[in-house]
Amino acid sequence: MDKMIYLDNAATTAVRPEVLEAMRPFYEADYANPSSAYAFAGKTAARVEEARETIAAFLNAAPEEIFFTGGGSESDNWALKGITDAMAVKGNHIITTKIEHHAILHTAQYLEKHGVEVTYLDVDADGKVDPAALEAAIRPETVLVSVMFANNEIGTIEPVKELAAVAHAHGVLFHTDAVQAFGHVPIDVKELGIDLMSASAHKLNGPKGVGLLYIRKGIRIESFVHGGAQERGKRAGTTNAPGIVGFGKAVELARETLAERAAYETGLRDRLIGRVLAEIPYARLNGHRTDRLPNNANFCFRFIEGESLLILLDRAGICGSSGSACTSGSLDPSHVLLAIGLPHEIAHGSLRLTLSEETTEEEIDYTVDELKKIVERLRMMSPLYEDFRKKHPEG
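Residues numbered from 1 in each chain as written. Predicted model: local features only at pLDDT ≥ 70, side-chain atom pairs only at ≥ 80, totals over all residues. Heavy atoms only, no water.

Describe the pairing of strand β12 (residues 350–354), naming the residues involved and giving the relevant values.
Buried residues dominate β12, accounting for five of its five residues. Burial of β12 is two-sided: the residues Ser350, Arg352 and Thr354 facing one way and the residues Leu351 and Leu353 facing the other way are all buried. Pairing of strand β10 (residues 296–301) with β12, which is carried by five bridges, proceeds in the antiparallel orientation. Looking at the pairing, Asn296 lines up with Thr354 of β12. (Buried < 20%, exposed > 50% of the residue type's maximum accessible area, 1.4 Å probe, protein only. Helix = DSSP H or I, 4+ residues; strand = E, 2+ residues; numbered from the N terminus. Pairing = 2+ DSSP bridges.)

What follows is the structure in structure tokens.
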């Protein structure tokens, strides 16, 4: 196949042409700072608020509950730090999981250095959190539970509604990092009982550098960025009008096609999973088989290293990843795969392939065909595989 096959949409997505066109005027003709008082800024400010309304409606939230940020990592930082600061009088304990994105895990570790106690919940072999385990971990001094909506590496969707209900039964706030899920699966913050939620535009064909934090009305949270009155005094900094308008347009497009896209991507995902498991020996699917993001497939292949696999896939014109894009430079195995119980030697041979509505069946079949050849080639070079074959000559 002559063209590049991009199967790393969990890392970032292509900006849709409609999104670029919606943003263009706010770099050119309507470039005013929306915080300014003169009439020239009025159109820009109005479009920012239109985007806020579009996104709020998509979540079944109120526009005043949507706060724009610089991205998902900032939103995660703000949720954890802002709530622990605001709730310090009530308690100093938060609960999260061992499979969170590092924007949550590293923030939790930072808070531990500043006197906050953190409980990291285990997950099962599919990466799911048990609501009973959450209930057992809650203390009188617990102020926040943060569990991601869907895992960025293995795609497992968590029982958010049940987890939020457990937190609320004990008077504890519930935050979810929905960066991977937002725009890909339905999210109704009221129906699910979500108090705070993080999302990012570039995961759903929007621009990079803009995200949001949903904060349910009535929740007290400290500001994260100081220096101005933007975002109703909660998040200082010149409003990223082009990015926010683009975010709104991306959400509008995602809303219009969500069910159709999910069905299409799920069909391709299942074709990919089915062929890999049937045609490549000693391959393992990571994450829940059905309760997973429509576009996510994550595998481990015994007796090979994920880094070598990615290099050879790249030579074949296929873009994939071995886990989170934020940790792709690390030689350590994925913390998510270790948390679901995989030994280091298997976790090292991981591959994440994430699709889009632009992915074709032909591309999936080509990818599997190339993957089969690459895995076989790498195994033939592995002394571990050679030893295994000698001990198991029957195959």
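Moving on, there is more to tell.
A description of the packing of helix α9 (residues 306–315) against helix α12 (residues 361–380) should follow, citing residues and the corresponding values.
When two helices pack together, their arrangement is given by the angle between the helix axes and the distance between those axes. Across the interface, α9 lies against α12 with an axial gap of 10 Å and an inter-helix angle of 135°. Between α9 and α12, the crossing angle belongs to the class labelled oblique. Here α9 and α12 pass one another in a crossing that is right-handed. Residues Ser308, Leu309, Leu312 and Leu313 of α9 pack against Leu371, Ile374, Val375, Arg377 and Leu378 of α12. Grouping the amino acids of the contact of α9 with α12 by side-chain chemistry returns seven nonpolar, one polar and one charged. (Axes fitted to C-alpha atoms, helices over the stretch in contact; angles between N-to-C directions. Parallel < 35°, antiparallel > 145°, perpendicular 65-115°, else oblique. Left-handed = near helix turned anticlockwise from the far one by under 90°. Contact = heavy atoms within 4.5 Å. Nonpolar A, V, L, I, M, F, W, Y, C, P; charged D, E, K, R; others polar.)

Give a detailed account of the nonpolar core, specifying residues and quantitative values.
Counting residues in hydrophobic clusters, the biggest one holds 63 residues, and the most contacted among them are Phe182, Ile187, Met197, Leu212 and Phe247. Examining the composition of this core, we find that eight residues originate from one element, helix α8 (residues 241–279), more than from any other. If near-sequence neighbours (up to four positions away) are discounted, Met197 is found in contact with Leu59, His175, Thr176, Ala178, Phe182, Ile187, Val189, Leu212, Leu213 and Tyr214. Leu7, Leu268, Leu272 and Ala297 belong to the second-largest nonpolar core, a separate cluster that totals 27 residues. (Core = buried A, V, L, I, M, F, W, Y, C linked by side-chain atoms within 4.5 Å.)

I'd like a description of the sheet that holds β10, backed by residues and values.
Read across the sheet, three strands follow the order β9-β10-β12 without closing on themselves; strand pairing throughout is antiparallel. Both edges of this open sheet fall to β9 (283–285) and β12, since each of them pairs with a single strand only. When strand polarity is set aside, the average angle formed by the axes of neighbouring strands in this sheet is 25°. Along the sheet face, α8 touches β9, β10 and β12 and points at about 15° away from the line of β10.

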